[in-house]
Amino acid sequence: MRFLRKLANGERHAAEDLFQEVMLRAWQHVDDLQDDPSTLSWLFTVARRLTIDAVRRRNARPPEVELAKARTRPADDDTMASALAAVSIPLAWRALTSGQRQLLLDVHVGGESSEVLAKRLGTPIGTVKSRAHYALRALRDGAYSTGDEEPAARPSHSRRVRDREPKAAA
């Protein structure tokens, strides 16, 4: 255990994990092990190799961040992209028709299924899905637009669907 603790740079928990793995390997090879000095050197070799493997595995993954540090990390809200989004998303939202806004709220915020919405609106489910798709697409197109250029050209079928208001519930 002392040897493993040195190999693990004093980390007790890492050394204990490695010790358990070494003992598991010894148990798996109990029939091959003898009561002589070569068994001890075999255990040290297994411990050293398992430590090397653990270090390689740890270096192959991105570093882990503690949850407490992740919560206290400052937000990157001062970037140009977030400033642009803060302006462009509300503008794009207001550019949608009231039917599109309500549909997006029902589907993406309220979590209503397309089936329930189709029954409530009295329209086929495919119509609800396509309207939700085109409303989301219009919101995305409006958010990407900076206002300096003409709105992105949309296919004529999306313009017709976008401008159509859903039927009111009976």
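Residues numbered from 1 in each chain as written. Predicted model: local features only at pLDDT ≥ 70, side-chain atom pairs only at ≥ 80, totals over all residues. Heavy atoms only, no water.

Looking only at helices and strands, the protein has 9 helices and 0 strands in total. Its helices and strands in sequence order give the protein the pattern α-α-α-α-α-α-α-α-α, from N to C terminus. Classification of the 170 residues of the protein by burial places 23% in the buried group. Residue pairs in contact within the protein that sit at least 24 positions apart in sequence constitute 54% of those at least 6 positions apart. Counting only carbon and sulfur atoms, one obtains 56% of the accessible surface of the protein, whose full area is about 12900 Å². (Helix = DSSP H or I, 4+ residues; strand = E, 2+ residues; numbered from the N terminus. Buried < 20%, exposed > 50% of the residue type's maximum accessible area, 1.4 Å probe, protein only. Contact = heavy atoms within 4.5 Å. Areas by Shrake-Rupley, 256 points an atom, 1.4 Å probe, with all protein chains shown as cover.)

As a further point, take the confidence of the model for the protein. Averaged over every residue, the pLDDT of the protein is 78; the share at 70 or more is 76%. Element-level mean pLDDT values for the protein span from 46 in helix 9 (residues 156-163) up to 91 in helix 2 (residues 12-28). Here residues 148-163 scores under 50 on pLDDT; set against residues more than four positions off or in separate chains, the count is 13 contacts. (pLDDT = per-residue confidence, 0-100.)

Within this structure, the stated rule accounts for 4 salt bridges. R120 is the salt-bridge partner of D106, the closest N and O atoms lying 2.7 Å from each other. Of this pair, D106 sits in helix 6 (residues 98-109) while R120 sits in helix 7 (residues 114-121), and the two are 14 residues apart along the sequence. The class of D106 is buried, set by a relative accessible area of 11%. Accessibility expressed as a relative area gives 37% for R120, which makes it partly exposed. With a shortest N-O distance of 3.2 Å, R120 and E112 are connected by a salt bridge. For E112, a relative accessible area of 25% corresponds to the partly exposed category. Members of the salt-bridge network, linked through shared partners, are D106, E112 and R120. (Salt bridge = Lys/Arg side-chain N within 4 Å of Asp/Glu carboxyl O.)

Bringing the nonpolar core into the picture now. With 9 residues, the main nonpolar core is built from L4, A8, A15, L18, V22, V46, A47, L50 and A54. The element best represented in this core is helix 3 (residues 37-60), accounting for 4 residues. With residues up to four places along the chain from it excluded, the contact list for V22 reads L4, L43, V46, A47 and L50. (Core = buried A, V, L, I, M, F, W, Y, C linked by side-chain atoms within 4.5 Å.)

Mapping T51 onto the fold places it in helix 3. Overall, the relative accessible area of 8% leaves T51 in the buried class. A polar contact is formed between the side chain of T51 and the backbone oxygen of A47, at a distance of 2.8 Å. Residues in contact with T51, not counting those within four places in the same chain, are L4, L7 and L18. (Polar contact = N/O pair within 3.5 Å; in protein donor to acceptor, adjacent residues only side chain to side chain.)

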